[in-house]
Amino acid sequence: MLLNRGRIYGLIGGGFLLSSTSAHASLWGDVSQYIRTQQQDLHMALSTALQAVQDGGFEAVFSLLLLSFFYGVFHAAGPGHGKAVIGTYILSHNSHIKRSILLSGASALVQGLTAIILVKALSGVVFISQWAIKDAVPVMEQASFLLVALIGVFLVYRAIKQFIGMHQPEKIDLSDHQGSVSHEHSHSHNYDHGHDHGHGHSHGGGETCSSCGHNHAISPKQAAAASGWRETIGIIISVGIRPCTGSVIVLTFAELFDLGWAGILSVFAISIGTAITVSLLALMTVYFRSFAVYLMQGRESMTLRYGPVAASFIGGLIILALGFSLMMDAMNNSHPLF
Amino acid sequence: MIFTFFVMQFPKASQAHPHAWIDLETTVIFNEDSQVSGLKLRWTFDALYTGFALSGVSRDSEGRMDKTFIQELAKENLSNLEEYSYFTSMDVAGKRQRFDTVTEFLTDIDEGRLWLDFTLPLREPAEPKDITYSVYDPSYYIEILHKDPLIGFAGNPSAEENCSYSILNPEPTEELISRMADLDKTETAGDGIGQFFAEKVSVTCY
């Protein structure tokens with residue numbers, strides 16, 4: 001199990017990221033150039049497709065959806081759509097494949113939903129002009145960045161708590177047990193979020209201590225899972241309330257031509273495309289992380305012991321900084337034409 | 001490695017890639033003294049932005065749009081743009097020029113696309129030697145490119161005869177990469193990522 005499929009993907013993922021820095025910079029430059037031009041072409045094609053739907057026909061709707069889907073795929077390859085937050089979170093906090101994909105996919109879909117609700121709600125109210133929609137988007141972005149910063153604070157706080165917890169032997173429930181068991185417990189608390197033990201680390205009794213299970217109210221694994229879900233939902237919401245501007249533009253355009261429903265379908269297609277791209281990147285990150293962890297094997301126990309909690313701490317700090325700097329940025333910069 | 005991952009995200013989150021396009025036409029304006037006195041810019045917005053900008057416009061019983069709406073829109077946009085130097089930067093012999101407030105403009109909608117035509121007066125007229133200018137959105141939220149590789153000249157036919165120009169296309173890949181590598185260099189005043197995707201026009205007259 002030393003070099004399984006996951007590790008190979010991790011290697012590829014790492015290689016991909018590495019190649020984007022080194023002397024092969026032009027390769028990445030060309031890729032991003034390609035992505036940009038594709039997105040541009042798709043953007044222009046979208047407006048034509050939307051207008052084509054006016055004339056009706058199943059084909060027109062179908063092309064619109066296909067186009068929207070690809071627009072979403074390429075659109076998400078550029079900066080934004082919460083990739084930094086999601087990526088940091090995955091890298092610094094061990095996350096399962098399923099949850100990572102859920103995280104990225106759900107965030108993208110919620111973004112689309114937010115755009116739809118925003119435009120529909122505001123255009124439904126009499127005489128709210130586009131100024132309202134224009135003004136609402138920055139406000140929601142601010143809220144999103146604030147939430148991201150708060151999640152960062154929470155993650156840092158939790159990492160600190162974990163660190164402190166590592167140095168305090170369990171007192172209450174372990175009065176019945178040997179000293180070696182408490183040692184295992186403080187050790188297993190490092191690995192949060194349903195850590196997969198296929199990594200080859202040796203643990204004593206695994207996540208739930210076999211010799212003392214029923215004495216604990218919640219096993220560490222359950223506690224980890226519960227808080228993991230809280231963060232996941234937190235991130236989904238904080239990224240999701242940032243409406244995808246491309247979607248907002250498509251929707252307002254559709255409203256103009258009384259094609260509200262076509263706009264909505266289009267946005268769903270865009271969101272699915274976005275979800276796929278972000279999920280793909282999330283997946284790469286997960287594999288990359290497991291590869292990095294694999295590489296860490298055999299190091300001194302200090303790294304093993306403090307590595308994860310340090311990673312959580314740093315990750316939380318980065319997310320906090322991200323949210324905060326985005327907030328500052330957004331406050332100082334509003335676009336003159338939007 | 002991880003660092004690069006984040007670098008890729010940092011260009012201003014969701015703002016940094018184009019969500020709208022402007023087709024550009026520029027005309028260099030000369031005065032009687034054969035100096036360059038300003039630029040005339042024609043911006044044609046894409047259909048999606050047009051829809052976005054016009055959403056909420058009131059229409060009369062026949063569905064016709066209230067024309068004063070786009071006049072007001074143009075005024076508001078131009079007034080917002082002033083602080084950004086109307087997205088235009090011009091250097092004469094390497095020296096950055098200043099513009100006065102735009103007062104002359106025209107706007108309308110053709111074939112579903114909103115356009116804005118305005119005259120950008122130079123604060124001080126310049127000798128038409130070694131002039132370069134760029135029209136771009138520093139945040140790169142909007143991509144502004146010449147519709148056709150043509151620059152117009154107006155105002156003084158005899159002066160215009162001796163002028164030549166060239167339009168340099170942006171080459172973002174090299175610069176963007178080196179910019180990413182230079183993360184600790186602070187950005188120049190007001191210029192963000194957009195400058196790397198901007199066309200540069202050079203004009204020289206003899």
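1. A few points about the sheet that holds strand β3 (residues 88–92) of chain B
Residue and element names in this part refer to chain B.
So, point 1. Spatially, the five strands line up as an open sheet ordered β4-β3-β7-β10-β9, and their pairing is antiparallel. Where the open sheet ends on each side, the last strands, each with one partner, are β4 (95–96) and β9 (163–168).
So, point 2. As paired elements, β9 and strand β10 (residues 200–205) share six bridges and run antiparallel to each other. Across the sheet, the residue bridging to C163 is C205, located in β10.

2. Side note on the environment of A:A136
Residue and element names in this part refer to chain A.
So, point 1. Topologically, A136 is positioned in helix α6 (residues 130–166).
So, point 2. Looking at A136, the relative accessible area reads 16%, which means it is buried.
So, point 3. In sequence terms A136 and L122 are 14 residues apart; their C-alpha atoms lie 9.3 Å from each other.
So, point 4. When residues no more than four places from it in sequence are discounted, the contact partners of A136 are L118 and L122.

3. Some points on a nonpolar patch on the surface
All names here are of chain A.
So, point 1. Taken together, the side chains of L102, L146, L147, L150, W229, I233 and I237 make up a nonpolar region of the molecular surface, amounting to roughly 610 Å² of accessible area.
So, point 2. Of all the secondary-structure elements, those providing two or more residues to the nonpolar patch are α6 and α8 (220–240).
So, point 3. Tracing the sequence through the fold places I233 in helix α8.

4. Some words on the state of the cysteines
All names here are of chain B.
So, point 1. In total, this model carries one disulfide over all chains according to the counting rule given.
So, point 2. The residue that forms a disulfide with C163 is C205, at a sulfur-sulfur distance of 1.9 Å. Its S-S torsion of about 105 degrees marks the bond between C163 and C205 as right-handed, since a negative value means left-handed. Within this pair, whereas C163 is found in strand β9, its partner C205 is found in strand β10, the two being separated by 42 residues in sequence.

5. Considering the packing of aromatic side chains
Residues and elements named next belong to chain B.
So, point 1. This structure, assessed with the given rule, holds ten aromatic pairs over all chains.
So, point 2. Ring centres 6.4 Å apart and planes at 80 degrees place the aromatic pair W43 and F45 in the edge-to-face group.
So, point 3. Using a relative accessible area of 0% as the deciding quantity, one classes W43 as buried.
So, point 4. For F45, a relative accessible area of 1% corresponds to the buried category.
So, point 5. Taking the centre distance of 5.2 Å and the plane angle of 80 degrees together, the rings of W43 and F118 count as edge-to-face.

What counts, and at which threshold
- Residues numbered from 1 in each chain as written.
- Chains lettered and ligands numbered in written order.
- Predicted model: local features only at pLDDT ≥ 70, side-chain atom pairs only at ≥ 80, totals over all residues.
- Heavy atoms only, no water.
- Pairing = 2+ DSSP bridges.
- Helix = DSSP H or I, 4+ residues; strand = E, 2+ residues; numbered from the N terminus.
- Buried < 20%, exposed > 50% of the residue type's maximum accessible area, 1.4 Å probe, protein only.
- Contact = heavy atoms within 4.5 Å.
- Patch = residues over 30% accessible without salt bridge, like charges linked within 9 Å, V, L, I, M, F, W, Y side chains within 5 Å.
- Areas by Shrake-Rupley, 256 points an atom, 1.4 Å probe, with all protein chains shown as cover.
- Salt bridge = Lys/Arg side-chain N within 4 Å of Asp/Glu carboxyl O.
- Disulfide = S-S within 2.5 Å.
- Phe/Tyr/Trp six-rings, centres within 6.5 Å; stacked < 30°, edge-to-face > 60°.

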